[in-house]
Amino acid sequence: MKKTIILSTAMLLSFSANAAKWNIAIGDGAGSTQEIIAQKFSDILADETNGKIETALFVNGQLGSEQATVNDVSMGLLDMSVVGSSNLAALSPAIGLFTYPYMFHNIDDAKKALESDVTKKIEQDVLKQANVRIVSWTYSGFRRLTNSDHPVTKLEDLQGLSVRVPKSKVILDTYKSLGIGATPIAWSETFAALQQGVVDGQETPYAAIQSMKFGEIQKYLTETHYLFQIEPVLMSESLYQAQSDEVKRAIDKAGDEAELYSYEYLIKTEDKIKQDLVANYGMKISKLEDEQKWIDKLQKDVWPKYFDEVGGKERVNELLKALGRDTL
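Because the structure is a prediction, the values reported are computed rather than measured.

1. As for the sheet that holds strand β10 (residues 228–236)
Spatial strand order, β2-β1-β3-β10-β4: 5 strands in an open sheet with mixed pairing. On the outer flanks of this sheet lie β2 (53–58) and β4 (132–142), each paired with one strand and no other. Within the sheet, the average angular offset between the axes of one strand and its neighbour, ignoring direction, is 20°. Relative to strand β3 (residues 80–82), strand β1 (residues 20–26) is paired through 3 bridges, and the arrangement is parallel. From the neighbouring strand, A25 faces β3, where its bridge partner is S81. Along the sheet, helix α11 (residues 245–281) makes contact with β1, β2, β4 and β10, crossing β4 at roughly 5°.

2. A word on the sheet that holds strand β8 (residues 201–204)
Read from one edge to the other, the open sheet built from 6 strands follows the order β7-β6-β8-β5-β9-β11, with strand pairing classed as mixed. Each end of this open sheet is capped by a strand with a single partner; those strands are β7 (181–184) and β11 (284–286). Direction aside, neighbouring strands of the sheet carry axes that sit 25° apart on average. Pairing between strand β6 (residues 162–165) and β7: 4 bridges, direction parallel. Bridged to R164 within β7 is T183.

3. Examining the pattern of salt bridges
A full pass over the atoms with the stated rule returns 17 salt bridges. When the shortest N-O distance is used, the salt bridge between K253 and E48 registers 3.2 Å. Of this pair, K253 sits in helix α11 while E48 is found in helix α2 (residues 33–48), placing the two residues 205 residues apart along the sequence. Exposure remark for K253: the relative accessible area of 36% places this residue in the partly exposed category. A single network of salt bridges, built from pairs that share partners, joins E48, K253 and E257.

4. Re the confidence of the model for the protein chain
This prediction gives the protein chain a mean pLDDT of 94; 94% of its residues lie at or above 70. Confidence drops under pLDDT 50 across residues 1–17; counting only partners more than four residues distant or on other chains, this segment forms 28 contacts.

5. Focus: the nonpolar core
Ranked by size, the top nonpolar core spans 62 residues in total, and within it F98, M103 and F104 carry the most contacts. With 5 residues, the top contributor of residues to this core is β4. Other than its neighbours up to four places away in sequence, M103 contacts L97, D109, W303, V316, L319, L320, L323 and R325. In this structure, W22, I26, I44 and L239 belong to the second largest nonpolar core, which totals 23 residues.

6. Quick look at the packing of α2 against α11
Contact geometry for α2 and α11: axes closest at 8 Å, N-to-C directions at 140°. Between α2 and α11 the crossing geometry is right-handed. Taken together, the residues of α11 that come into contact with α2 (itself represented by T33, I36, I37, K40, F41, I44, L45 and E48) are A250, I251, K253, A254, G255, E257, A258, E259, Y261, S262, Y265 and L266.

7. Thoughts on the packing of aromatic side chains
For the structure on display, the rule yields 9 aromatic pairs. On the basis of an interplanar angle of 45° and a centroid distance of 5.9 Å, the ring pair of F98 and F104 is categorised as tilted. Given a relative accessible area of 2%, F104 falls into the buried group. Centroid distance W187 to F214: 5.6 Å. Interplanar angle 85°. Geometry classified as edge-to-face. Here F214 lies in the loop between α9 (206–211) and β9 (220–222) and W187 lies in the loop between β7 and α8 (190–195), a separation of 27 residues in the sequence. This pair shows no difference in class: W187 is buried, exactly as F214 is. Here K111 stacks its cationic end above the ring of Y263, 5.3 Å away from the centre of that ring.

Calculation criteria
- Residues numbered from 1 in each chain as written.
- Predicted model: local features only at pLDDT ≥ 70, side-chain atom pairs only at ≥ 80, totals over all residues.
- Heavy atoms only, no water.
- Pairing = 2+ DSSP bridges.
- Helix = DSSP H or I, 4+ residues; strand = E, 2+ residues; numbered from the N terminus.
- Axes fitted to C-alpha atoms, helices over the stretch in contact; angles between N-to-C directions.
- Contact = heavy atoms within 4.5 Å.
- Salt bridge = Lys/Arg side-chain N within 4 Å of Asp/Glu carboxyl O.
- Buried < 20%, exposed > 50% of the residue type's maximum accessible area, 1.4 Å probe, protein only.
- pLDDT = per-residue confidence, 0-100.
- Core = buried A, V, L, I, M, F, W, Y, C linked by side-chain atoms within 4.5 Å.
- Left-handed = near helix turned anticlockwise from the far one by under 90°.
- Phe/Tyr/Trp six-rings, centres within 6.5 Å; stacked < 30°, edge-to-face > 60°.
- Lys NZ or Arg CZ within 6 Å of the ring centre and 35° of its normal.

Spelled out as structure tokens, the structure:
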């Protein structure tokens, strides 16, 4: 493993054009959707710049927790990071709209959202609030609930379970509304927390469950649909602005093409990952029998609490319109 090199803008400018190397922090493990998009972005960027910009990928939180890397990218201490939207929300509450429970019903809802004017506004808010540039988005899939205790097929089955969640007010309130004990634990510490019984379960998309090997310690998986996870690819704004117009165009193109690749990749691979979890770990997969109860409860209890933080009820309605749904 190469030693981590953090490049400040001043250091970067002192390098010759063919010596630039950027570090990308990735919270999830190898094979995750985060790594896949980071690698695709890197390959396209290298091609578009004729090899003048290379990247080094650091998976499994090697450069720090996702929230820590957001801070580092914001301050220009780290070049790039791929993080869950919830881990950016601490610096930029506007992105919390994408963590609203049951906002997205499927992957195409997520695609419509990312191609809408709402996302452009959120990206501008993120730039102002957190001083980071979103150059691409990862399609990671629905967060699935896993636990080591018993199958969950209805709302009542949640009682008595404790679940690891990211440090997100929206997600914490989501589980509070469902009547379940939710504990914020750093992503890098989640496997150990599950293994030691600190919490019974966790909730992440299929690809993260596989890449983090949760099947080794979690027997039961429920196909929940409360949150379709789209994850921003962040870049230091100072680093972006230090580039020539030609390189900026290459970055933008790499981001657009990597985002489309992520969408297509998830569609192609998610079912296979599900099959692998059953075949390799013997995970028991259940479906919810009463999900409409979850939808009604969470939209009533959670959505209104965060209107002001995400840009107002008007922005929520703007997104609902983009999705072709009734407004509030």
